Amino acid sequence: MKRLSLALVMGLLASTAAQADVTVYSAGPGALIKNLAAGFTEKTGIKANVFQATTGKVMARLEAESSNPVADVVVSASWGTATDFSAKGLLLPYESPNAETVPDFLKMEGAVAQGVAGLIIAWNTQSGTPKPADWSDLAKPEYKDLVTLPDPAASGGTYTLVEAFLANDMSDVLQGLKDNGAIVAGANKAALNPVLQGAKAAVFAGVDYITMSAAAKGETVEAIFPTSGTVVAPRPIMILKSSQNQDDAKQFVDYVLSEEGQKAVAKVNLMPSRTDIKVDRPLIGDLKLLSNEGAPARDDVLADFKKIFN
Amino acid sequence: MAGGSVTTGAEGSVLLKWIATLGLLIVVAIPCLFIVVQAIFPEFGSGSFAAPFSLFFKTLSDPALFGMAGNTLLLGVGTVICAAVFAVPLAALRALYRVPGALIWDGLLLIPFMIPPYIAALGWIMTLQPRGYLEQVTGFNMASLLFSVSGIMLIMGLNTFSVVYFVLSRTFETIGARYSDVGRVFGAGQWRSFWRITFPLAMPGLAASLLLVFAMSIEEYGTPAALGRRIGFEVLVTGIENRISEWPIDLPGSATLSLVLVGMALVAFMVQRWLLNRRDYRIVGGKPQASDKRSLGVWAVPATLLFAFVALLATGLPILAILATALSRTISGGLKPSNMGLDNFRELLGAGSDGLIALGNSLMLGTTTALLAGLLGAITAYSVVKGRGRFRIVLDALSITPNSLPGVVVGVGIILAWNQPWLPITPYNTPFILLLAYVCILLPQPVRYATASLHQLGDNLESAARVSGAGPLRAFTRIVFPLILPSMVTAMILVFAVASRELVASLLVAPVGFQTIAVYIWQQFDQGSAGLGMAMAFCAVLITTLIPLALISLLRWLTRGSVAGLS
Amino acid sequence: MFSKSSAVSGAPALSLQGVSMSYGAEKVLHQIDLNLAAGEVLGLLGPSGCGKTTLLRLISGLLLPDAGQIQIAGTTVAAPRAGITLPPEKRGLGMVFQDYALWPHMSVARNVAFPLEMMRVGASECKDRVTRALDRVGLGAMAERRPSDLSGGQQQRVAIARAIVAEPPLVLFDEPLSNLDRELRETMVEEIADLVADLNLSAVYVTHDHAEALTLANHVAVMRGGWVEQLAAPAELVDHPKTAAVAEFLRLGCLLPALHDAENWLIKGTDLSLPAGVFGGAEAQVLLPEKALRLDANGPNKLKTEVLRAQVRSTGQALTLRVVGTNHVIRHLTPAPVRAGDVLELSFSPEDLRWFPVADPHH
């Protein structure tokens, strides 16, 4: 038995990643960061090792590691994390030469959007309900008890949308949803799953690329951009100041923003942050965006939301 | 022989004592210590001891805490009641009567151990929700039951009742043969003899296993997270998890909540140990005798139906739901033949696929964890049983502490401990960190099995070896360890099954670029590939069930039945 | 590790000096002094709780004494004052346990070979010696069986083979026969006696059965409450018990309380007189040894008794007799036909009586 366990230990050692040249902590989708890492290595010869989880898990790991950071590059699904890290002075300022065509609102000191997700209504085409056109449609009797929405505490996208609703005095839509029997169902996937099986008809504040990918796989679900406008969730990519491999990290950011990298972003149905990459889906320029100027602070947004849905 | 501080000349091996102490320090004490420090010093993560207790009392005085703690208690008690309702009648029937197909039911009721709870919960959702599998097949759904507090209790009861069933049926069997027959000789009817003799004698075993269920349910994450969130039912574990996985991260808060949870679980475990210490090992330890189990007569059919019904609920439905999802090309396509296919399995098991790598990683980690936890557990239990005084109490307490630590807390504690910049060498960011986490979480199982097994070993077996010229270490390796090995194998199989699918700690501490079964499944769900995730879950359940079975058959064959208790 | 050859020649096989032992506040052994010459057997006899098993465990090294010194074959193995505490495995002993303590995961041969393996005896020699030891206990054919396949008596024979296989200078027996039924016990006592004599073993034999001790031992130490009441050869023990307690434990006969009035010794509470003994003091216990009593009325002294019970035995009738006028009971075995209710005269000689002081010498 001793010999067996020794062999196992050796096996484990061997399977340990070799000292990574660039370590990337990334929020989903997994396929995207996997492709980006592979493409980057092919192009530069630098190895990229990836830890992929939800934004929350990535942040928890960064927080627990903060006395001895491991990551060089972080990709999050929530712009707020970038603002926060920047305020704490954790980010390395870097303006990639490939970021020229990225619009200003998708850039800040130390962070740039890798891609952008849009918030939509995810509607099951076989649900027997009329196709909704706007957020407020989901408060109509046809959708009674048939709507889910992700918890803004668990989904950065939903949070941004709720924030914009509060900023634009649209909270009556949320109240209408609640009165119509909509339920709050965890993170984005937990909200989408019942819609796929048909238990519910639509996700309020669904995420466009997840819905489009599901549709591409043959699920009977459609992403609808509401007429009154929506919000987008830019996904910041940032280099940590603590990185020991800053040059390699910069090269990684360059690669993500390169034409090849942005095409990989588009492949998972996210909007590329560069405006000069043409993709067959609605892009930022095509969307009517709601402003979130004048929105209350995070705790107040969540408290207001809880007041309506509890 | 009387207690007190007798100087024995045949102390256990000093080397083993040090291995146990050092092992427990590294595996259990260090992560726990870091959690406590984190709860007190909020800035500890970045290496600062500033503002002690500043968040500690804020978290403790949060009114939401009472709600969560209350819900946790409610869930624990409710799950215990459900588990008892399922387990007690089945165990009594199984132990005292000749139930048709008894071994098959035993096997089927073992499978819930192998289904990851979060997968079972998802299976239930996909079965019972409106337009779920149940509605697709029968035309009605049970969503209102599923998404309710009693629904969560029911499902967690189904996930855990087999713990009680197995302990209790063995206890009933032993007592039934030895004592209840005596009662019948003195004129008690079968029914009275059960209630007056068998049941009271089984009470310590029943209470201990129910307390185990209580402890398991208050630290369970998957089911309350999947079902409770929909109805705003938050327990301590989901509260801890939320503080860790939702931006902004609140490590001190989650550490503080963990301490509350650890406190509750410790109380449960202290009560359990108190009961176990009062329990007469000769009753429970005795081998079930070839007793004259009674025939069920006309009740054979209803009893079989009852077993079939519970096995269907606990094992059949979750497995079928997993399989249905794994075989569906799309979720929205439903259970139509045109929507069925092996696509997911093909993608999962394709040559060089991520799935295969994750499977390999998990099997290797599971095996190593089982061996390591088994060995450390045996050594620890031996040192505790042999030890004396304060030393023994410290070891004993350390070895049961992880029972009350949720996986996510262990994960955070391990990162805090092993990613310190001043460490010259660290297992962090290698698969060994997962090994540390798994051994920590699962150590109590082998310790429990080994302790029970050691209590049943006659003292003289070891004394005889010492007098025959074997030193303490040799007496352990040649005599004690081989004799407790059969029950250690059972414990190690349990460890293997759980370690190869552990989710919560794995997600947090998995080294960069390293995938395990659970992480793979979780990522598939996260990416909307529920079918692929369920295909992996099905393979995992299959493997974690079949490998131990094969191992046991192999061991049986090798020892040709000469080693008792391999079951 | 030492064997017979390395032992100091001429040294006693076992020597205990002033050995004491406590469990917490309770003292279980008081100042034990014992010596055992090589090739002899020491019986430790006493009721349960008398400390005999504790004493054996002290000799084996499974327990350590609080004070005193233990030597085995001339080597000091325990002397707390001098800081010497040899663990059991360094004492070169053989031991037979009450519960056999055979290792269930090893075959009979492996069990027996274990002490030799620990001494690193070569494989072929080891095999020879195991075969010899098993043959000696009559189990040569069972070598490859598992202990659990054997009967209780066979298991204990295996345990004995294991204890003697390494030819240790001292073999310890811890109530080895008390788990066996009576018939088997009687056979086994004789087997062990033969074995001990054949191999010229030095042994310590713990038992609560006086017949076993008297059969096997050259010297018997009768223990009570942590003290050695008497250490003597079996015949001496039976003829001259040192205390009333020894006489009672060995069931030597009827113990009568005696009071000295003005001129005579009387059975306490009666006016039945006893022959005068060479005993000072006013109160005594007097032993009426069973073997000194006769049913024929020829002896110089007589005692009138009533038959309470007469039970048929294979060797005669076991009588339970009551001394007339008292509640004292006498047991007697006779071939004569007697029935309950008969009044019998028992005769005895005054020199057969044994007189003991009333007070316990240790308290």
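Residues numbered from 1 in each chain as written. Chains lettered and ligands numbered in written order. Predicted model: local features only at pLDDT ≥ 70, side-chain atom pairs only at ≥ 80, totals over all residues. Heavy atoms only, no water.

A. Layout of the overall build of chain B. Per the secondary structure count, chain B includes 25 helices and 0 strands. Relative to the globule expectation of 24 Å for 567 residues, the C-alpha radius of gyration of chain B, 24 Å, shows essentially globular dimensions. C-alpha atoms of chain B, sized along the principal axes, occupy 70 × 65 × 50 Å. Per-residue burial for chain B yields a buried fraction of 60% across its 567 residues. (Helix = DSSP H or I, 4+ residues; strand = E, 2+ residues; numbered from the N terminus. Rg over C-alpha atoms; globule rule 2.2 N^0.38 Å. Buried < 20%, exposed > 50% of the residue type's maximum accessible area, 1.4 Å probe, protein only.)

B. A look at the packing of aromatic side chains. Scanning the model with the defined rule gives 17 aromatic pairs over all chains in all. When the centroid spacing of 4.6 Å and the interplanar angle of 55° are considered together, the rings of W103(C) and F114(C) count as tilted. Placement of the pair is W103(C) in the loop between β7 (93–96) and α2 (108–118) and F114(C) in helix α2, with a sequence separation of 11 residues. Residues W103(C) and F114(C) agree in their burial class; the two are buried. Through a chain of ring-to-ring contacts, three or more aromatic side chains come together here, namely W105(B), Y165(B), F166(B) and F307(B). Positioned above the aromatic ring of F51(A) is the side chain of R61(A), whose terminal nitrogen or guanidinium carbon lies 4.2 Å from the ring centre. (Phe/Tyr/Trp six-rings, centres within 6.5 Å; stacked < 30°, edge-to-face > 60°. Lys NZ or Arg CZ within 6 Å of the ring centre and 35° of its normal.)

C. Molecular detail of the environment of A450(B). Residues and elements named next belong to chain B. Structurally, the position occupied by A450 is in helix α20 (residues 444–456). Classification of A450 as buried rests on a relative accessible area of 0%. Sequence separation between A450 and G374 is 76 residues, and the spatial gap between their C-alpha atoms is 8.7 Å.

D. Structural view of the side chain of Q155(C). Looking at the element boundaries, Q155(C) is found in helix α4 (residues 152–164). Sequence-distant contacts of Q155(C), defined by excluding residues within four places in its chain, comprise Y100(C), L102(C), P147(C), S148(C) and L150(C). (Contact = heavy atoms within 4.5 Å.)

E. Inspection of the packing of helix α1 (residues 14–40) of chain B against helix α16 (residues 354–386) of chain B at higher detail. Residues and elements named next belong to chain B. Where α1 meets α16, the axes come as close as 9 Å, and the angle between the chain directions of the two elements is 120°. Judged by the angle between their axes, α1 and α16 are oblique. Read as a crossing pair, α1 and α16 show a hand that is left-handed. Contacts between α1 and α16 involve L16, K17, I19, A20, G23, L24 and V27 on the former and, on the latter, L376, I379, T380, Y382 and S383. Tallied by class, the residues present in the contact of α1 with α16 amount to 8 nonpolar, 3 polar and 1 charged. (Axes fitted to C-alpha atoms, helices over the stretch in contact; angles between N-to-C directions. Parallel < 35°, antiparallel > 145°, perpendicular 65-115°, else oblique. Left-handed = near helix turned anticlockwise from the far one by under 90°. Nonpolar A, V, L, I, M, F, W, Y, C, P; charged D, E, K, R; others polar.)

F. Representation of the sheet that holds strand β2 (residues 26–36) of chain C in the model. All names here are of chain C. Strand order in the open sheet formed by 5 strands is β2-β1-β4-β5-β6, and the pairing between neighbours is antiparallel. Sheet topology places β2 and β6 (84–85) at the edges, where each strand pairs with a single neighbour. Seen against the sheet, helix α1 (residues 52–60) touches β1 (14–23), β2 and β4 (67–72) and runs at an angle of roughly 115° to β1. (Pairing = 2+ DSSP bridges.)

G. Seen up close, the UniProt feature "domain: ABC transporter" (unreviewed entry) in chain C. The sites that carry the UniProt feature "domain: ABC transporter" (unreviewed entry) are, in the present numbering, residues 14–250 of chain C. The straight-line gap between the two end C-alpha atoms of residues 14–250 of chain C is 25 Å; of that span, 35% is helix and 27% is strand. (UniProt positions renumbered as here; feature names shortened; annotations may be inferred.)

H. Representation of helix α8 (residues 208–216) of chain A in the model. D208(A), Y209(A), I210(A), T211(A), M212(A) and A214(A) are the residues of α8(A) that are buried. Downstream of α8(A) by a residue or two, G218(A) has a phi angle that is positive, lying close to 110°.

I. Region of the structure containing the arrangement of the chains. Contacts are most numerous, across the 2 pairs of chains in contact, for chains A and B. The two units chain A and chain C remain apart, with a minimum C-alpha distance of 18 Å.

J. Focus on the sheet that holds strand β18 (residues 329–334) of chain C. All names here are of chain C. Taken in spatial order, the 4 strands line up as β18-β17-β16-β19 in an open sheet, and their pairing is antiparallel. With partners counted over all chains shown, the strands left at the sheet margins are β18 and β19 (343–348), one partner each. Pairwise comparison of adjacent strand axes, ignoring direction, gives a mean angle of 45° for this sheet. Note that strand β16 (residues 301–313) and strand β17 (residues 316–323) share 8 bridges and pair antiparallel. Across the sheet, residue Q311 finds its bridge partner in β17, namely A318.

K. Examining the interface of chain B and chain A more closely. Each partner contributes residues to the interface: chain B has 57 residues there, and chain A has 61 residues. Counting each side, the surface lost to burial between chain B and chain A is near 5200 Å², with a carbon and sulfur contribution of 59%. Between the two partners, chain B and chain A, sit 2 salt bridges. A salt bridge links K57(A) to E241(B); the shortest N-O distance between them is 2.7 Å. In this structure, the connection of chain B to chain A is made through 16 residue pairs in polar contact (both at pLDDT 80 or more). Mapped by element, the contributors of at least two residues to the side of chain B that touches chain A are α5 (117–128), α6 (133–138), α11 (236–245), α16, α18 (407–418), α19 (431–442), α23 (504–509) and α24 (517–526) of chain B. (Buried area = accessible area lost by both parts, 1.4 Å probe. Salt bridge = Lys/Arg side-chain N within 4 Å of Asp/Glu carboxyl O. Polar contact = N/O pair within 3.5 Å; in protein donor to acceptor, adjacent residues only side chain to side chain.)

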